[in-house]
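# Observations on chain architecture
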Amino acid sequence: MKTKVHLAHLPTPVEALPQLSAYLGEPEVLVKRDDLTGLAFGGNKTRKLEYLVARARESGAQTLITTGAVQSNHCRQTAAAAARCGFQCILVLNGSPPGEKSGNLLLDHLLGAEIVWTNQKDRDSVLQDVYEEAQGAGKNPFLIPYGGSSPAGAIAYAYALQELLNQDIHPGWILFASSSGGTQAGLLVGARLFGYTGRILGISVDQPASVLRGRVRELAQQTAAYLGEKMTFTDEEILVNDQFLGEGYGVMGDTELEAIQLFARLEGLLLDPVYTGRAAGGLISLARSGFFKPGQKVLFWHTGGTPALFADPYRGKLAVV
Ligand SMILES: *Cc1c(COP(=O)(O)O)cnc(C)c1O
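Residues numbered from 1 in each chain as written. Predicted model: local features only at pLDDT ≥ 70, side-chain atom pairs only at ≥ 80, totals over all residues. Heavy atoms only, no water.

## So, the overall build of the chain
What the chain contains, in helices and strands, is eleven helices and ten strands. Taking 321 residues into account, the globule formula puts the C-alpha radius of gyration at 20 Å, and the chain, at 19 Å, falls close to it. Residues classed as buried in the chain amount to 56% of the 321 residues present. When contacts within the chain are restricted to residue pairs at least 6 apart in sequence, long-range pairs at least 24 apart make up 77% of them. Of the roughly 13,200 Å² of accessible surface on the chain, a fraction of 51% belongs to carbon and sulfur atoms. Put simply, the chain has 28 plus and 31 minus side-chain charges, and the middle of one group is 3 Å from the middle of the other. (Helix = DSSP H or I, 4+ residues; strand = E, 2+ residues; numbered from the N terminus. Rg over C-alpha atoms; globule rule 2.2 N^0.38 Å. Buried < 20%, exposed > 50% of the residue type's maximum accessible area, 1.4 Å probe, protein only. Contact = heavy atoms within 4.5 Å. Areas by Shrake-Rupley, 256 points an atom, 1.4 Å probe, with all protein chains shown as cover. Lys, Arg positive; Asp, Glu negative; His and termini not counted. Charge placed at Lys NZ, Arg CZ, Asp CG, Glu CD.)

Here it is as structure tokens:
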């Protein structure tokens with residue numbers, strides 16, 4: 001097993017959602033609370049960062065650099081991990097600074113991260129420049145990949161699946177929001193390693209299914225290799241649903257709004273507007289269409305993201321429904 005730093009409160013709880021399950025009729029829905037990983041409002045990136053920060057430490061780095069959207073949960077958790085473990089942090093965020101710092105961006109600021117905006121420029125070239133500049137300034141930078149989704153980060157979700165099985169939870173389906181693919185790739189590798197035979201369904205939040213599936217396949221194979229295992233995955237095993245992309249990444253539509261309200265009002269459980277709201281909207285829609293077989297259990301893996309509830313433009317939209 002690769003070494004890790006301790007950042008997350010593990011194991012995260014698994015809870016029943018009886019009111020939501022009764023409302024839907026079928027299936028029975030459970031939730032795995034990775035929104036409670038505990039690092040500065042938590043989320044799925046905390047698990048990956050336990051391994052990635054350990055690699056940074058081994059390399060003698062002093063500065064963590066990563067990149068993402070304005071409301072990136074990954075960037076916020078990286079900033080928190082850097083603070084906790086004594087690194088400096090530089091975040092390369094897409095676009096230009098908004099008028100007000102809200103949600104995750106406010107937290108990035110509080111956590112002491114230096115923020116570099118890409119403005120009109122290509123993100124990868126800005127990232128490269130920032131990295132070289134930090135190197136030149138003697139800051140010993142370490143690049144944390146986009147979404148924490150390299151093999152070194154994705155192994156966290158192989159072990160997360162083992163954690164679930166150790167909680168004696170064996171759902172027919174595991175459903176979650178999938179984007180940079182690390183969560184899904186890790187879960188797939190974990191299923192092989194630890195003998196989970198149910199289905200693993202990623203609800204895409206930004207990519208067409210064919211693109212995300214290819215990314216997950218490649219990353220899963222690399223992740224297995226990183227653990228010294230040879231694995232190949234077929235299209236039939238990599239389940240991706242892209243029916244819920246709506247108006248695109250980060251655009252909260254009626255599907256997300258309804259899911260956020262239902263989970264909040266039936267269960268007192270908060271979802272986020274970008275990822276878990278979309279994935280839960282997918283779950284609700286699939287349940288209504290009879291996609292799940294009677295008696296099947298579906299585990300909704302809550303991946304976090306709730307600070308975005310308080311971010312513009314989401315908070316304004318949420319306040320009027
Ligand atoms: C990053 C993120 C995801 C997607 O996870 P990937 O490993 O990038 O596919 C899902 N939900 C939330 C809240 C996230 O921040």
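Next comes the rest of the write-up.
## Some details on the packing of aromatic side chains
Counting across every chain of the model gives eight aromatic pairs. Ring geometry for Y159 versus F194: centroids 6.3 Å apart, planes at 45°, classification tilted. With Y159 in helix α6 (residues 151-166) and F194 in helix α7 (residues 182-194), the pair connects residues that are 35 residues apart, well separated along the chain. For Y159, a relative accessible area of 14% corresponds to the buried category. What links up through ring pairs into an aromatic cluster is the set Y51, Y159 and F194. (Phe/Tyr/Trp six-rings, centres within 6.5 Å; stacked < 30°, edge-to-face > 60°.)

## With respect to the layout of surface pockets
Taken as a whole, the largest pocket encloses approximately 270 Å³ of empty space. Residues belonging to the lining of the largest pocket are distributed by class as follows: eight nonpolar, six polar and two charged. Taken as a whole, the second largest pocket encloses approximately 210 Å³ of empty space. Contributing to the lining of the second largest pocket are G172, W173, R199, L201, L239, V240, N241, F291, F292, K293 and Q296. Contributions of two or more residues to the lining of the second largest pocket are made by β8 (199-204) and β9 (239-241). Residue contributions to the lining of the second largest pocket peak at three residues, all from β9. For the lining of the second largest pocket, the residue count by class is six nonpolar, three polar and two charged. (1 Å grid on protein atoms, 1.4 Å probe; cavity = no way out; pocket = protein on both sides within 12 Å on 5 of 7 lines; lining within 4 Å. Points joined across faces, edges and corners; volume = space filled by probe spheres on them. Nonpolar A, V, L, I, M, F, W, Y, C, P; charged D, E, K, R; others polar.)

## Describing empty space enclosed by the protein
The full count for this structure, using the stated rule, is one cavity of 30 Å³ or more. By volume, the largest cavity is sized at about 270 Å³. Residue assignment for the lining of the largest cavity shows that the elements contributing at least two residues are α2 (44-58), β3 (63-68), α3 (73-85), β7 (173-178) and α7. Tallied by class, residues from the lining of the largest cavity come to five nonpolar, 18 polar and two charged.

## Quick notes on the nonpolar core
L175, F263 and F300 are the most contacted members of the largest nonpolar core, which has 37 residues in total. Residue assignment for this core shows that the elements contributing at least two residues are α1 (18-24), β2 (28-33), β7, β8, α9 (254-267), α10 (276-288), β10 (297-302) and α11 (314-319). Per element, the largest residue contribution to this core is six residues, and it comes from α10. Once residues lying within four places of it in the same chain are set aside, the contact partners of F300 are V29, L30, V31, K32, L175, F263, L271, T276, A279, A280 and L283. Core analysis: the next-biggest nonpolar cluster, separate from the first, contains 29 residues, L30, A209, V240 and L299 among them. (Core = buried A, V, L, I, M, F, W, Y, C linked by side-chain atoms within 4.5 Å.)

## A short note on the side chain of D108
As for its position among the elements, D108 is in helix α4 (residues 103-110). Here D108 is buried and forms no salt bridge, its nearest opposite-charge partner R76 lying at an N-O distance of 6.0 Å. Residues in contact with D108, not counting those within four places in the same chain, are C75, R76, L91, L93, A113 and I115. (Salt bridge = Lys/Arg side-chain N within 4 Å of Asp/Glu carboxyl O.)

## Looking at the site of the ligand
Residues in contact with the ligand amount to 16 residues; listed here are only the nearest, K45, K48, S180, T183 and T303. A distance of 3.0 Å separates an oxygen atom of the ligand from a polar atom in the side chain of N44. In the environment of the ligand, an oxygen atom lies 3.0 Å from a nitrogen or oxygen atom belonging to the side chain of N73. Alone, the ligand offers 380 Å² of accessible surface; in the complex the protein occludes 98% of this. Judged by the fraction of its atoms near the pocket grid, the ligand is located in the largest cavity. Top contributing element to the shell around the ligand by residue count: α2, with three residues. (Near = heavy atom within 4 Å. Polar contact = N/O pair within 3.5 Å; in protein donor to acceptor, adjacent residues only side chain to side chain. Sits in = over half its atoms within 2 Å of the grid points.)

## So, the sheet that holds strand β1 (residues 14-16)
With mixed pairing, six strands are arranged side by side in an open sheet as β1-β2-β10-β7-β8-β9. The open sheet has two edge strands with one neighbour each: β1 and β9. Taking each pair of neighbouring strands and ignoring which way they run, the sheet shows an average axis angle of 30°. Here β8 pairs with β9 via three bridges, running parallel. Residue pairing across strands places G202 opposite V240, the latter belonging to β9. (Pairing = 2+ DSSP bridges. Axes fitted to C-alpha atoms, helices over the stretch in contact; angles between N-to-C directions.)

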